Amino acid sequence: MISIQNLTKVYDGASGGTHALRDVSLEIPDGDIFGIIGISGAGKSTLVRCVNLLEQPTSGHIVVDGTDVTTLSGAELRAFRYRTAMIFQGFGLLAQKTALENVCFPLATGIGRLPEGARDKGLELLGRVGLADKADSYPAQLSGGQKQRVAIARALACDPTTILCDEATSALDPASTEQVLDLLAKINQETGVTMLVITHSMDVVRRICKHVAVLVGGEVVERGATQEIFQNPQHKVTKALLGKGDWNA
């Protein structure tokens, strides 16, 4: 389980600092697909980057399977990040490496070379995301949806326990979005990996998320099972995101 406890993130500034997150507390069960939704500037990306400590929280705790990861450093922090994969909006592929080399890249981190069996594993993962025939293709030769599927294969290379998806479909066309969401749901079902999905789209939440939390101004204003939130939204922003209310209400 991922337990986010009273998480606050303040960015220092001339005016005394900007609160990106304010006392955020969430429980994310093992094997869940948990959505974090909100409009731009709500704090979604800051939250997900705090989970793997790419951003250091100002205060609060992130407890993963009983370990407070905010206390980790050095080799322990690297080991935690190794099992906490991230999928980005902009794909994050290395332009000068083939699809297969991109998938295998995390396996060489820290040792400077690919371990035995890495190529076979990379080919198996590319097959898993439907791109076995694109192993030798470079990112410039791939469509947006194909790039994101390579990124998903790369995320799986280290056998993660958690995958963090930061607006993973927002740069894709509708058909590619459907393919990627189907793939993420299938991976969750087959492996039991926990997924934290950051999005501004209620369609994405409806499609794959089991639970959802709504962020407004860095605060959680609503949370619960996806079906319950969709059927009976309480906060005005949730209602507006669902098309059931006025943004100016």
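Criteria and cut-off values
Residues numbered from 1 in each chain as written. Predicted model: local features only at pLDDT ≥ 70, side-chain atom pairs only at ≥ 80, totals over all residues. Heavy atoms only, no water. Core = buried A, V, L, I, M, F, W, Y, C linked by side-chain atoms within 4.5 Å. Buried < 20%, exposed > 50% of the residue type's maximum accessible area, 1.4 Å probe, protein only. Helix = DSSP H or I, 4+ residues; strand = E, 2+ residues; numbered from the N terminus. Axes fitted to C-alpha atoms, helices over the stretch in contact; angles between N-to-C directions. Parallel < 35°, antiparallel > 145°, perpendicular 65-115°, else oblique. Left-handed = near helix turned anticlockwise from the far one by under 90°. Contact = heavy atoms within 4.5 Å. Nonpolar A, V, L, I, M, F, W, Y, C, P; charged D, E, K, R; others polar. Pairing = 2+ DSSP bridges. Salt bridge = Lys/Arg side-chain N within 4 Å of Asp/Glu carboxyl O.

Participant: Can you help me understand the nonpolar core in this one?
Facilitator: Within soluble globular proteins, side chains that are nonpolar generally end up buried alongside one another. Within the largest apolar cluster, 50 residues are counted, with the highest numbers of intra-cluster contacts made by Leu126 and Ile152. For this core, the leading source of residues is helix 5 (residues 144–156), giving six residues. With 28 residues, the next largest nonpolar core counts Leu77, Phe80, Ala213 and Leu215 among its residues.

Participant: Any chance you could explain the packing of helix 5 against helix 6 (residues 174–191) here in plain terms?
Facilitator: When two helices pack together, you describe them by how their axes are tilted relative to each other and by the distance separating the axes. Where helix 5 meets helix 6, the closest approach of the two axes is 9 Å, and the angle between their N-to-C directions is 15 degrees. Taken together, helix 5 and helix 6 sit at an angle that is classed as roughly parallel. The chirality of how helix 5 crosses helix 6 is right-handed. When helix 5 is examined against helix 6, the residues Gly145, Gln148, Arg149, Ile152 and Leu156 are found in contact with a partner set consisting of Ser176, Gln179, Val180, Leu183, Leu184 and Ile187. Of the residues contributing to the contact of helix 5 with helix 6, the split by class is six nonpolar, four polar and one charged.

Participant: What is the right way to read the pairing of strand 9 (residues 211–216) from this model?
Facilitator: Here strand 3 (residues 33–37) pairs with strand 9 via four bridges, running parallel. Bridged to isoleucine 36 within strand 9 is alanine 213. Pairing of strand 9 with strand 10 (residues 219–225), which is carried by six bridges, proceeds in the antiparallel orientation. Bridging across to strand 10, histidine 211 finds its partner in alanine 225. Remark: two residues form the turn of the hairpin made by strand 9 and strand 10, two consecutive strands paired antiparallel; glycine 217 in that turn has positive phi of roughly 55 degrees.

Participant: Where do I start with the sheet that holds strand 10 in this structure?
Facilitator: Strands pair in a sheet through their backbones, by hydrogen bonds, and they do so in one of two ways: parallel or antiparallel. Pairing within the open sheet is mixed, and its six strands lie in the order 6-7-8-3-9-10. The sheet terminates laterally at strand 6 (84–88) and strand 10, the two strands that pair on one side only. Between one strand axis and the next, the sheet turns by 15 degrees as a mean value, whatever way the strands run. Pairing of strand 6 with strand 7 (residues 162–166) involves five bridges; the strand directions are parallel. Residue pairing across strands places methionine 86 opposite leucine 164, the latter belonging to strand 7. Running over the sheet, helix 1 (residues 44–51) touches strand 3, strand 6, strand 7, strand 8 (194–199) and strand 9 and is turned about 155 degrees from strand 8.

Participant: I keep staring at helix 1 and nothing clicks. Help me out?
Facilitator: Given 3.6 residues to a turn, an α-helix orients residues that are three or four positions apart in the same direction. Extensive coverage of helix 1 is indicated by the burial of six of its eight residues. Turning to helix 1, its buried residues are Lys44, Thr46, Leu47, Val48, Cys50 and Val51. Leucine 53 lies just past helix 1 and shows a positive phi near 65 degrees.

Participant: So what exactly am I meant to see when it comes to the pattern of salt bridges here?
Facilitator: Note on pairing: side chains with opposite charge can pair once their charged atoms come close. Overall, the coordinates contain five salt bridges when judged by the stated rule. In this structure, the salt-bridge partner of glutamate 190 is arginine 128, at a minimum N-O distance of 3.6 Å. In this pair, glutamate 190 is assigned in helix 6 and arginine 128 in helix 4 (residues 118–128), connecting sequence segments 62 residues apart. A salt bridge links arginine 207 to glutamate 178, with the nearest nitrogen and oxygen atoms 2.9 Å apart.

Participant: I would appreciate a short explanation of the sheet that holds strand 4 (residues 59–64) in the present structure.
Facilitator: In spatial order, the strands read 2-1-4-5; together these four strands make up an open sheet with antiparallel pairing. In this open sheet, the two edge strands, each paired with only one partner strand, are strand 2 (18–28) and strand 5 (67–68). As paired elements, strand 4 and strand 5 share two bridges and run antiparallel to each other. Within strand 5, the position partnered with valine 63 by the bridge is aspartate 68.

Participant: Could you clarify how one ought to interpret the environment of proline 233 in this entry?
Facilitator: Position of proline 233 among the secondary structure elements: in the loop between helix 8 (226–231) and helix 9 (236–241). Separated by 129 residues in sequence, proline 233 and cysteine 104 have C-alpha atoms that sit 43 Å apart. Dropping the residues within four chain positions of it, proline 233 is found in contact with Glu222, Thr238, Lys239, Leu242 and Lys244.

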